[in-house]
Amino acid sequence: MKFELIQLPYAADALEPVISKQTIELHHGKHLQTYVTNLNNLVAGTKFENEPLETIVKESDGAVFNNAGQVLNHNLYFTQFSPKGGGKPTGKLAEAINTAWGSFENFQKEFVTAGTGLFGSGWVWLAKDINGKLSITKEPNGSNPVVRGLTPLLGFDVWEHAYYLDYQNKRADHLNKLWDIVDWEAVGKRY
């Protein structure tokens, strides 16, 4: 298999109470594993067999796109958190956020508003263009900002499997709590 389930950089219970051990085990170990398995089966023997995830997401459609997008999305998602996370970004990312939204707090508010306003399943992303200009994108289902020529920096999953066990139908509560575990050092390296 070309693609493998990423290893979590923390224990399954390390993000509690923001994300429960049960949610991590189901989200990472079941949902993401299924996307990885499906993607490997779908790309075998195709032009995508030896391509990186970003290329597959940019150039595919249908089931290949859906599974590749979800693998890419979740790989970024699970590696952007830390039990020692929270706080605010620093350095160039902090400067870019302040330039785009006036303050980190304004950015957080717009990001959560975008995530709660996304109908159905999908993702809300902080992304940058080739010049480093930031934007918030709402991506349906398994899409990713790479389809728009952008680089994804921070993504919050708004599929119900990401939060329903811990927050039921309270998507905004879930999104607001995720700030407590964001690893800004990891996200800043993506900028």
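Everything discussed here concerns the structure shown above.
Okay, so let's go over this structure.

About the criteria used
Residues numbered from 1 in each chain as written. Predicted model: local features only at pLDDT ≥ 70, side-chain atom pairs only at ≥ 80, totals over all residues. Heavy atoms only, no water. Helix = DSSP H or I, 4+ residues; strand = E, 2+ residues; numbered from the N terminus. Contact = heavy atoms within 4.5 Å. Polar contact = N/O pair within 3.5 Å; in protein donor to acceptor, adjacent residues only side chain to side chain. Pairing = 2+ DSSP bridges. Axes fitted to C-alpha atoms, helices over the stretch in contact; angles between N-to-C directions. Salt bridge = Lys/Arg side-chain N within 4 Å of Asp/Glu carboxyl O. Buried < 20%, exposed > 50% of the residue type's maximum accessible area, 1.4 Å probe, protein only. Phe/Tyr/Trp six-rings, centres within 6.5 Å; stacked < 30°, edge-to-face > 60°. Expected span 1.5 Å × (residues − 1).

We now examine the environment of Glu 110. Its place among the elements puts Glu 110 in helix H5 (residues 104–117). It is 29 Å that separates the C-alpha atoms of Glu 110 and Tyr 35, two residues lying 75 residues apart in sequence. Once you skip the residues sitting within four places of it in the chain, Glu 110 turns out to touch Trp 101 and Ile 136.

Here the focus is the side chain of Asn 73. Note that Asn 73 resides in helix H3 (residues 62–78). Reaching out from Asn 73, the side chain makes a polar contact with the backbone oxygen of Gly 142 at a distance of 3.2 Å. Excluding its chain neighbours within four sequence positions, the residues that come into contact with Asn 73 are Trp 123, Trp 125, Gly 142, Ser 143 and Asn 144.

What follows deals with the sheet that holds strand S1 (residues 122–128). Across the sheet, which stays open at both edges, the three strands sit in the order S2-S1-S3 with antiparallel pairing between neighbours. The sheet is open, and its two edges are formed by strand S2 (134–140) and strand S3 (151–157), each paired on a single side. Across this sheet, the average inter-strand angle for adjacent strands is 25 degrees, counted without regard to direction. Sheet topology note: the S1/S3 ladder contains six bridges and is antiparallel.

This part is about unusual backbone geometry. Note that the residue after Glu 16, namely Pro 17, is joined by a cis bond; omega there is 5 degrees. Phi at Asn 141 is positive, roughly 50 degrees, even though this residue is not glycine. Along the chain, Asn 141 turns up in the loop between S2 and S3. The phi dihedral of Gln 168 falls on the positive side, at around 50 degrees, and the residue is not glycine. Among the structural elements, Gln 168 can be located in the loop between helix H6 (164–167) and helix H7 (171–178).

Time to look at the pattern of salt bridges. Summed over all chains, the structure comprises five salt bridges. Put simply, Lys 177 and Asp 180 hold a salt bridge, and the shortest N to O gap is 2.8 Å. Lys 189 is the partner of Glu 185 in a salt bridge, and the nearest nitrogen-oxygen pair spans 3.7 Å. Of this pair, Glu 185 and Lys 189 both sit in helix H8 (residues 184–190), four residues apart, roughly one helical turn. For Glu 185, a relative accessible area of 56% puts it in the exposed group. Take Lys 189: its relative accessible area is 66%, and that puts it in the exposed class.

A few words now on the packing of aromatic side chains. Counted by the stated rule, this structure contains 14 aromatic pairs. Judged by centre distance (6.0 Å) and plane angle (80 degrees), the rings of Phe 104 and Trp 179 are edge-to-face. One end of the pair, Phe 104, is in helix H5; the other, Trp 179, is in the loop between H7 and H8, with 75 residues separating them in the sequence. The residues Phe 104 and Trp 179 share a single accessibility class, namely buried. Note on Trp 179 and Trp 184: the rings are 6.3 Å apart at their centroids and 10 degrees apart in plane angle, and the pair reads as stacked. Residue class for Trp 179 comes out buried when judged on its relative accessible area of 6%. Through a chain of ring-to-ring contacts, three or more aromatic side chains come together here, namely Trp 101, Phe 104, Phe 107, Phe 111, Phe 156, Trp 179 and Trp 184.

Attention shifts here to the side chain of Arg 171. One can find Arg 171 in helix H7. Beyond its immediate sequence surroundings of up to four residues, Arg 171 is in contact with Gly 115, Thr 116, Leu 118, Gly 120, Val 158 and Tyr 163.

Bringing helix H1 (residues 21–43) into the picture now. One turn of an α-helix holds 3.6 residues; hence residues three or four places apart share an orientation. End to end, H1 covers 31 Å across 23 residues, agreeing with the expected 33 Å (1.5 Å per residue, within 8%). Those residues of H1 that are buried lie in contact with helix H2 (53–59), H3, S3 and H6. The positive-phi residue at the C-terminal boundary of H1 is Gly 45, with phi of around 80 degrees.

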